[in-house]
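# Working through the structure, step by step
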Amino acid sequence: MNGPHPARSPVWHPFTQHAVMGNVPHIVGAEGAWLDASDGRRYLDAISSWWVTTHGHGNARIKAAICDQAGILDQVIFAGLTHEAAETVARGLVRLAPAGMEHVFFSDSGSTAVEVGLKMALGFWRNRGEIRTRILALEHAYHGDTAATMSVGARGVFNAAYEPLLFEVGRIPYPVAGQEQATYDALEVACRRGDVAALIVEPLILGAGGMFIYAAEALAEMARICRCHRVLLIADEVMTAWGRTGTLFACEQAEIAPDIMCVAKGLTGGALPLAATLATAEIFDAHYSTDRSRTFFHSSSYTANPIACAAARANIEIWETEPVRERIAALSVLQHRHSRRFDGDDRFANVRQLGTITALDVSASDAGYLAGIGPRLYEEFMRRGVLLRPLGNTIYVMPPYCICADDLQTIYVAIDDVVNALV
Ligand SMILES: Cc1ncc(COP(=O)(O)O)c(C=O)c1O
């Protein structure tokens, strides 16, 4: 491989154990669903590069928007100043989002979008003079890797070392099919304490925690319980938004309107880092005051970076002018067809699908994120030119929407062959 050997590269990669990682492929280009490496090898991006790439790598409209914006306005402080790209994106988000989302706060990543959402919820109650400081979160949740987002995420190997940084949250069982009542009961009990500021959920599917899917009715019922107890609902749509679950936002399927909604990843079509936290007028109004101590105290240097906003504006235009929903529906049908071939196959358990996402668990002696099979699967998929990055023994397929039928077939043939070879 031509790329720098990791031992000689100063780069420290995310979620990577360098001691057991072989050579890191050096990616020099990408188009559609494919990544090109410096040694001439190609990798089929079956996970949309950590779920960010929606329409495909190198989308022409997004690329052009980025180039144009770079020539007009590259960066400007966003405290006290504004610009057209951010204004257009904010209006677009309000237009597309569930009813009631009226204000848009920009940041740079999924984690920051969630941190902002949690801070908005706490600021809301404080500014209203009510003592509600407890956050509720689902078991198996993943909301990011900053201190607050780790706190609301499931505890485990990901964050054990950082425990001293984390705050305690109320943990609600995720709504397992057929056992949803346990979730509702736990939520009711927790809400009745009267000190709960917000419940944060990944709507319909818990992603990095294991690709656990739950019913839209369960999301609707959780929203109803929250509303009854005046507990704010934060929908973390960082993974689920922009079509992944079959609708633009996952919340649409439950016909709910959260109080706060976090989006990132596919907001720019996956081309540049940008995130947004959407909030109701009620949340905004609680911070709106001549008393400056009630200001929403959050910022980062690149808040609403104009080039990232231009990419997001182009993405929204794509959603509003191209048949993206039809592409997603077609991909969902294909995903169904391919994944169902593993139904009843002893090598796999829990073959599941939600919109464009499929997942299945490899029957292995150990499960969980550190399952020994995980890195072996990854290496073998990569050797075959397919970028699949299992979560332990859970393989998931989450490709960009431009993927063609033959390439999708290649992914499932690779799963079949690799699992045959390793299990
Ligand atoms: C549901 C959810 N929330 C938050 C995040 C964190 O996003 P980021 O990695 O952009 O900080 C992720 C990332 O995978 C996610 O899936």
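Before reading further, recall that the structure is shown in the block above.
Keep in mind that what you see is a predicted model, and the values were worked out from it rather than measured.

### Here's the deal with the sheet that holds strand β2 (residues 34–37)
- Strand order across the open sheet formed by four strands is β1-β2-β3-β15, with mixed pairing between neighbours. The sheet is open, and its two edges are formed by β1 (27–31) and β15 (386–387), each paired on a single side.
- Examined bridge by bridge, β1 and β2 share four bridges and lie antiparallel to one another. Counterpart to Ile27 in the pairing with β2 is Ala37.

### Section: the side chain of Thr183
- Looking at the secondary structure, you find Thr183 in helix α6 (residues 180–192).
- With a relative accessible area of 0%, Thr183 lands in the buried category.
- In this structure Thr183 touches Ile172, Pro173, Tyr174, Pro175 and Met222, once residues within four positions along its chain are discounted.

### Brief notes about the site of the ligand
- Around the ligand, the surrounding shell consists of Trp51, Ser109, Gly110, Ser111, Tyr142, His143, Gly144, Glu202, Asp236, Val238, Met239 and Lys265.
- Gly110 is positioned such that a nitrogen or oxygen atom in its backbone is 2.8 Å from an oxygen atom of the ligand.
- Asp236 has a polar side-chain atom sitting 2.7 Å from a nitrogen atom of the ligand.
- When its residues are assigned to classes, the shell around the ligand shows four nonpolar, five polar and three charged.

### Some thoughts on a nonpolar patch on the surface
- A surface patch of nonpolar side chains, amounting to about 470 Å² of accessible area, comprises Phe15, Trp50, Val157, Tyr369 and Leu370.
- Here Tyr369 lies in the loop between β14 (357–362) and α12 (373–383).

### A word on the nonpolar core
- One finds Leu199, Met211, Trp242, Val263, Leu388, Ile411 and Ile415 to be the most contacted residues of the largest nonpolar core, which totals 105 residues.
- The element that contributes the greatest number of residues to this core is helix α10 (residues 306–321), accounting for eight residues.
- In this structure Leu199 touches Leu136, Ala137, Ile172, Leu187, Met222, Cys226, Val231, Leu232, Leu233 and Ile234, once residues within four positions along its chain are discounted.
- Membership of the second largest hydrophobic core comes to 28 residues, among which are Phe105, Ala148, Val169 and Ile234.

Conventions used here
Residues numbered from 1 in each chain as written. Predicted model: local features only at pLDDT ≥ 70, side-chain atom pairs only at ≥ 80, totals over all residues. Heavy atoms only, no water. Pairing = 2+ DSSP bridges. Helix = DSSP H or I, 4+ residues; strand = E, 2+ residues; numbered from the N terminus. Buried < 20%, exposed > 50% of the residue type's maximum accessible area, 1.4 Å probe, protein only. Contact = heavy atoms within 4.5 Å. Near = heavy atom within 4 Å. Polar contact = N/O pair within 3.5 Å; in protein donor to acceptor, adjacent residues only side chain to side chain. Nonpolar A, V, L, I, M, F, W, Y, C, P; charged D, E, K, R; others polar. Patch = residues over 30% accessible without salt bridge, like charges linked within 9 Å, V, L, I, M, F, W, Y side chains within 5 Å. Areas by Shrake-Rupley, 256 points an atom, 1.4 Å probe, with all protein chains shown as cover. Salt bridge = Lys/Arg side-chain N within 4 Å of Asp/Glu carboxyl O. Core = buried A, V, L, I, M, F, W, Y, C linked by side-chain atoms within 4.5 Å.

Spatial relationships are all this shows, so hold off on functional conclusions.
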